[in-house]
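Each chain, written out:
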Amino acid sequence: MTKKFFALAAASLCLLSGLSAAASGVTVEVQGGYSCDYGVDIPFTPSARTSRYTFALYSGGNAAGSPEVTAEVTIASAGTVHLPLRHNLSGPSTWTLSVTAHVMPGREAFDREAMATKVFTTVPTCGCPAGTAGAFYAGKGTASSPYRVTEGRQLAHLGAHPSACFLQTEDISLSGSWTPIGTFSGVYDGGGHVINNLQVATSGKAGLFGSTDGATIRALGIAGSSSIVGTSSAGTFAAEANATQISECFALASVRTDAYNSVCGGLIGKGSFRNRLDNCYFAGSLSNTRAYNAPFMGGLMGVALKESGGVPPVITGCYTAADYQFYYTNQQYGLGSLVGSLSMWTGSAWGAGTIQSSGNYWLTGTAGCPAYAVGDFSNGQGHNPSSPGAAGLSSLASLPAGFDKSVWTTGSYQRPTYNGGWATVRAPVLKVFQGNS
């Protein structure tokens, strides 16, 4: 007597990002060399009469045509079967799961193969209801399984999960005005990809992020026709940053503030305490034509702060190639090719700060280029502008001394200029972006 002897769990399928660790007693052999770093986790209860199955996933609402992925599965008790699957990362998609149960050796006279199918639609993995604009469809928001970011709506949705981990999987081109993400304390890995056309115009904090606190940003570029305009503070990556690490990132952008005592920086506007920049560059234009005080403008950071006795800001292996446009003409006050001003809180008042800097450079000869890496803390305070661990170069066409050849190579790009044009620059570029953008 033959029997159908498998049971397919009725529970909903759960989509997770990253190759899950194999469940105890479960062996999955994906066929045809198919691979993906995210997929579906399938709760499955096997028959007591066999442990051998073939799982196949078909795009759409039936098991027609060739499957997207096929796997031979051995499972003896209830567990989870993980299959890699290149499903849509920006919205729901429908799939059909087909499971075939195979006859165990020695039972050919008693049993026969049987098959069942189940149709399912992918759901957000970030806990948001289906249909939520920008919801994430792969990942758990952890370091080992970050949420995947593929488009502008998902980029904006970071604000709903500000302490999570994210991985950008392709270049993103934005359209329209961008609303800066509020305080971000998570990890954003650009994956060697670029955000194009970041357009910010706000009366407050202007940047991709309004502020960051304890955040990590790496391997992310901002390019295209990107323009950042704010009043209080502006920076391409963050208007204000605290205890934030940015590494192997770049920005080709125009950054402008239009207010008295505002702060303008290429990557970070106002850097509070314990910020760090490694292997980054800014190329573009910085502008503040309405400040009747110091411009507080820097190629990487407008202002960098330090607590008394605390860790100073750290900048290593970075460079700038930028134009500077400002009303206040004393270049020794609040204007620097790396940092506009260094300040330290003594517990009762602000004073001149310090920086830990090594292997940094700036391109000289650009419009309004400061003569120093770091400007004065305050006019008449006796803190002379300086260039700690930095030097101005008339050309960046070859790798500067100390630049890590495993991180950098030479290349060229176009940067925006202060007068609305574009200038071609031959300069170091980051290897992490090669082949991705």
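Draft legend 1. Broad picture of the sheet that holds strand β29 (residues 335-336). Reading across from one edge, β14-β17-β21-β25-β29 is the order of the 5 strands in this open sheet, with parallel pairing throughout. Single-partner strands in this sheet number two, and they are β14 (205-206) and β29.

Draft legend 2. View of the sheet that holds strand β7 (residues 94-101). Pairing is antiparallel across the open sheet formed by 5 strands, whose spatial order is β2-β5-β4-β7-β8. Only two strands of the sheet have a single neighbouring strand rather than two, namely β2 (26-30) and β8 (114-121). Taken pair by pair, the neighbouring strands of this sheet meet at an average axis angle of 20°, ignoring direction. Two elements, β2 and strand β5 (residues 69-75), share 5 bridges in a ladder whose sense is antiparallel. For valine 30, the partnering residue across the bridge sits in β5 and is alanine 71.

Draft legend 3. Here's a closer look at the packing of aromatic side chains. All told, the structure shown has 17 aromatic pairs when counted by the stated rule. Their ring planes at 75° and their centres at 4.8 Å tell us that phenylalanine 250 and phenylalanine 433 sit as a pair that is edge-to-face. Remark: phenylalanine 433 occurs in the segment after β36 (422-430) and phenylalanine 250 occurs in strand β20 (residues 250-257); sequence separation between them is 183 residues. One exposure class covers both phenylalanine 250 and phenylalanine 433, and it is buried.

Draft legend 4. Here's a closer look at the environment of serine 66. Take serine 66: it is sitting in the loop between β4 (52-59) and β5. Here serine 66 falls in the exposed class, since its relative accessible area comes to 68%. Taking the C-alpha atoms as reference, serine 66 lies 9.3 Å from alanine 56; in sequence the two are 10 residues apart.

Draft legend 5. Here's a closer look at the side chain of aspartate 189. Following the sequence through the fold, aspartate 189 ends up in strand β12 (residues 187-196). Exposure remark for aspartate 189: the relative accessible area of 19% places this residue in the buried category. A polar contact of 3.3 Å, which involves the side chain of aspartate 189, links it to the side chain of arginine 218. Dropping the residues within four chain positions of it, aspartate 189 is found in contact with Phe166, Leu167, Gln168, Arg218 and Ala219.

Draft legend 6. Up close: the pattern of salt bridges. All chains considered together, the criterion is met by 9 salt bridges. Residue glutamate 151 is joined to arginine 153 by a salt bridge in which the shortest nitrogen-to-oxygen separation is 2.9 Å. Where arginine 415 meets aspartate 323, a salt bridge forms, and the shortest distance between an N and an O atom there is 2.9 Å. Residue arginine 415 is found in strand β35 (residues 408-416), and its partner aspartate 323 is found in strand β28 (residues 319-326); the two are separated by 92 residues along the sequence. A relative accessible area of 6% means that arginine 415 is categorised as buried. Taken together, the shared-partner salt bridges in this structure form one network comprising Arg49, Arg107 and Asp111.

Criteria and cut-off values
Residues numbered from 1 in each chain as written. Predicted model: local features only at pLDDT ≥ 70, side-chain atom pairs only at ≥ 80, totals over all residues. Heavy atoms only, no water. Pairing = 2+ DSSP bridges. Helix = DSSP H or I, 4+ residues; strand = E, 2+ residues; numbered from the N terminus. Axes fitted to C-alpha atoms, helices over the stretch in contact; angles between N-to-C directions. Phe/Tyr/Trp six-rings, centres within 6.5 Å; stacked < 30°, edge-to-face > 60°. Buried < 20%, exposed > 50% of the residue type's maximum accessible area, 1.4 Å probe, protein only. Polar contact = N/O pair within 3.5 Å; in protein donor to acceptor, adjacent residues only side chain to side chain. Contact = heavy atoms within 4.5 Å. Salt bridge = Lys/Arg side-chain N within 4 Å of Asp/Glu carboxyl O.

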